[in-house]
Amino acid sequence: MKNLRLKSARAAMDLSQEDLAKLCNVSRQTISAVEKGDYNPTINLCISICKALLYNLQNHSYSLY
Amino acid sequence: MFFYRSIGLLCGILVGVVLCVVFFRYANTDKKIKTNYDERQEGIRNKAYKYAFYTVLFYEALLLFLGVGDIKLPIPSYALNFFGIILGCTVLGVYCVFKDVFWGMNNNKKRYFIVFTLCILLNLFSVIGSIISGMFIVDGVMSFAAVNFMVLFMFAILSIAMIIKAVKDKGEET
């Protein structure tokens, strides 16, 4: 099953797969595999992805003010 | 004579190890020898190592049967054993290429391609040199250049796998 929520969250942050991969310290192919539903990430990677997206979300909101 | 030959071979292997260290440090972006893989890559590579292990296991069993049956091949025994290592590495490499885990996170692909090209050229020169001098097959048995030929075989298979994978990925993107 495709992980569309991750894909949309990444797109909303205007991040490429490469950018998110660098933030999470994984390869671009791993992010692609998670988005396609080919790979079920460990809890550590899930936390890293969440942190990376939240971090960028905060940065984004700060830049609005 | 054999003693000096063994010492020479050992020195050659040591030089090879030093060169490998230099090449890895040059080709990795963080100047480390070890390649870093993420959790997905590690998991898939573990499977690749398993397949490589079984390949070498079956190959060695085959060699055992050949030995028991006293079947002589036109290849020296050291080259036959080396071919087992090459076969295992090829299985590992091809599986990793098709599963997108061949390249680690700290690998500089361009630099690796330079190193690979250098390795191919060095082995190619050795094989061509021995063929030209008529020393590739001596008394119906392959010479030491057979080892270089096997390395070339591995690089050829890996290159073909990488090309097929690149074409396949391109097809999926469009």
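In this text the structure is predicted, and so the values were computed from the model without any measurement. (Residues numbered from 1 in each chain as written. Chains lettered and ligands numbered in written order. Predicted model: local features only at pLDDT ≥ 70, side-chain atom pairs only at ≥ 80, totals over all residues. Heavy atoms only, no water.)

## A look at the interface of chain B and chain A
Next, step 1: Taken together, the 7 residues of chain B in the interface contact 11 residues of chain A.
Next, step 2: Of all residues in chain B, the largest losses of buried area upon contact with chain A belong to Glu-39, Arg-40 and Met-105 of chain B, amounting jointly to 68% of the total for that side.
Next, step 3: Our enumeration of links across chain B and chain A arrives at 0 salt bridges.
Next, step 4: Where chain B meets chain A, there are 5 residue pairs in polar contact (both at pLDDT 80 or more).
Next, step 5: In terms of residue count, the dominant contributor to the side of chain B that touches chain A is helix α2 (residues 39-68) of chain B (3 residues).
Next, step 6: Each residue belonging to the side of chain B that touches chain A can be placed in one class, and the counts come to 1 nonpolar, 1 polar and 5 charged. (Contact = heavy atoms within 4.5 Å. Buried area = accessible area lost by both parts, 1.4 Å probe. Salt bridge = Lys/Arg side-chain N within 4 Å of Asp/Glu carboxyl O. Polar contact = N/O pair within 3.5 Å; in protein donor to acceptor, adjacent residues only side chain to side chain. Helix = DSSP H or I, 4+ residues; strand = E, 2+ residues; numbered from the N terminus. Nonpolar A, V, L, I, M, F, W, Y, C, P; charged D, E, K, R; others polar.)

## Brief notes about unusual backbone geometry
Next, step 1: One non-glycine residue, Asp-14 of chain A, adopts positive backbone phi at about 60°.
Next, step 2: Mapped onto the elements, Asp-14 of chain A comes out in the loop between α1 (4-12) and α2 (17-24).
Next, step 3: Judged by relative accessible area, which is 69%, Asp-14 of chain A ranks as exposed.
Next, step 4: For Lys-31 of chain B, which is not glycine, the phi torsion reads 60° and is therefore positive.
Next, step 5: Note on placement: Lys-31 of chain B falls in the loop between α1 (2-27) and α2. (Buried < 20%, exposed > 50% of the residue type's maximum accessible area, 1.4 Å probe, protein only.)

## Some remarks on the packing of aromatic side chains
Residues and elements named next belong to chain B.
Next, step 1: Taken as a whole and judged by the stated rule, the model has 14 aromatic pairs over all chains.
Next, step 2: On the numbers, 5.0 Å between centres and 85° between planes, the contact of Phe-102 with Trp-103 is edge-to-face.
Next, step 3: Relative accessible area serves as the criterion here: at 18%, Trp-103 is assigned to the buried category.
Next, step 4: Taken together, Phe-24, Phe-102, Trp-103, Tyr-112, Phe-113, Phe-116 and Phe-155 form an aromatic cluster joined through their ring pairs.
Next, step 5: Above the face of the Tyr-51 ring, Lys-50 is positioned so that its terminal group lies 5.7 Å from the ring centre. (Phe/Tyr/Trp six-rings, centres within 6.5 Å; stacked < 30°, edge-to-face > 60°. Lys NZ or Arg CZ within 6 Å of the ring centre and 35° of its normal.)

All quantities given are derived from atomic positions and should not be read as evidence of function.
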